[in-house]
Amino acid sequence: MDHHPVNLFGGTISTLSRSLDLRARKHETVLNNVANADTPNYKPFVMDVEAAIQKEPQAVVPGTMQLTNERHLPGRPSPDDPETARTADGENPLLFRGDQNGVDIDAEMTALAKNSLLYRASAQMVKSKLSGLKNVIKGGSQ
């Protein structure tokens, strides 16, 4: 008898869990930027959740593409390390403030709303997966 653990969702739950963790961290980063909107010389921090999720080392799943030769073209360019928040690079052409604060409150609030929606979507997918598992354990809809 084979005693290897069975992964019921093929890594979906762990990826969604990681997404929830990263989105919570992004939420904190954006709120920190908003809180420092009036701090002179403050440079806003940015965090790319999607790149961080893509960078996550995952087990090889059958049917997924792998780079087998370093001369092959990658599917996507390698992102910088998105695990840690970094300051936004480059000059902000819309920066008219004399205190050199780089926070664009409209952009930050938009990022906050988008991140919040994506967090809720990830949470709903986790709930759906766990509801399906609960249904299977109970023996289907009875």
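Up top is the structure.
Heads up: these notes are all about the structure in this document. Because the structure is a prediction, the values reported are computed rather than measured.

**As for helix α1 (residues 12-35)**
Here α1 contains 24 residues, and its C-alpha end-to-end distance of 34 Å stays within 8% of the 34 Å for a straight helix at 1.5 Å per residue. Within α1, burial applies to L16, S19, L20, L22, R23, K26, T29, V30 and N33. Its buried side turned inward, α1 meets β1 (45-46), α2 (49-55) and α3 (105-138).

**Notes on the side chain of S19**
Relative to the assigned elements, S19 resides in helix α1. Residue S19 is classed as buried on the basis of its relative accessible area of 6%. Excluding residues that lie within four positions of it along the chain, S19 makes contacts with I53 and S122.

**Structural notes on α3**
Helix length check: α3, at 34 residues, gives a terminal C-alpha distance of 49 Å against a target of 50 Å (1.5 Å per residue), a fit within 8%. For α3, the full list of buried residues reads E108, L112, N115, S122 and V126. Where α3 is buried, its residues touch α1. G139 sits one or two residues past α3 and shows a positive phi near 95°.

**A short note on the pattern of salt bridges**
Between side chains of opposite charge, a pair can form when the charged atoms approach closely. A full pass over the atoms with the stated rule returns one salt bridge. With a closest N to O distance of 2.7 Å, R23 and E50 form a salt bridge. Linking R23 in helix α1 with E50 in helix α2, this pair joins segments that are 27 residues apart in sequence.

Here is what the cut-offs are and how they apply
- Residues numbered from 1 in each chain as written.
- Predicted model: local features only at pLDDT ≥ 70, side-chain atom pairs only at ≥ 80, totals over all residues.
- Heavy atoms only, no water.
- Helix = DSSP H or I, 4+ residues; strand = E, 2+ residues; numbered from the N terminus.
- Expected span 1.5 Å × (residues − 1).
- Buried < 20%, exposed > 50% of the residue type's maximum accessible area, 1.4 Å probe, protein only.
- Contact = heavy atoms within 4.5 Å.
- Salt bridge = Lys/Arg side-chain N within 4 Å of Asp/Glu carboxyl O.

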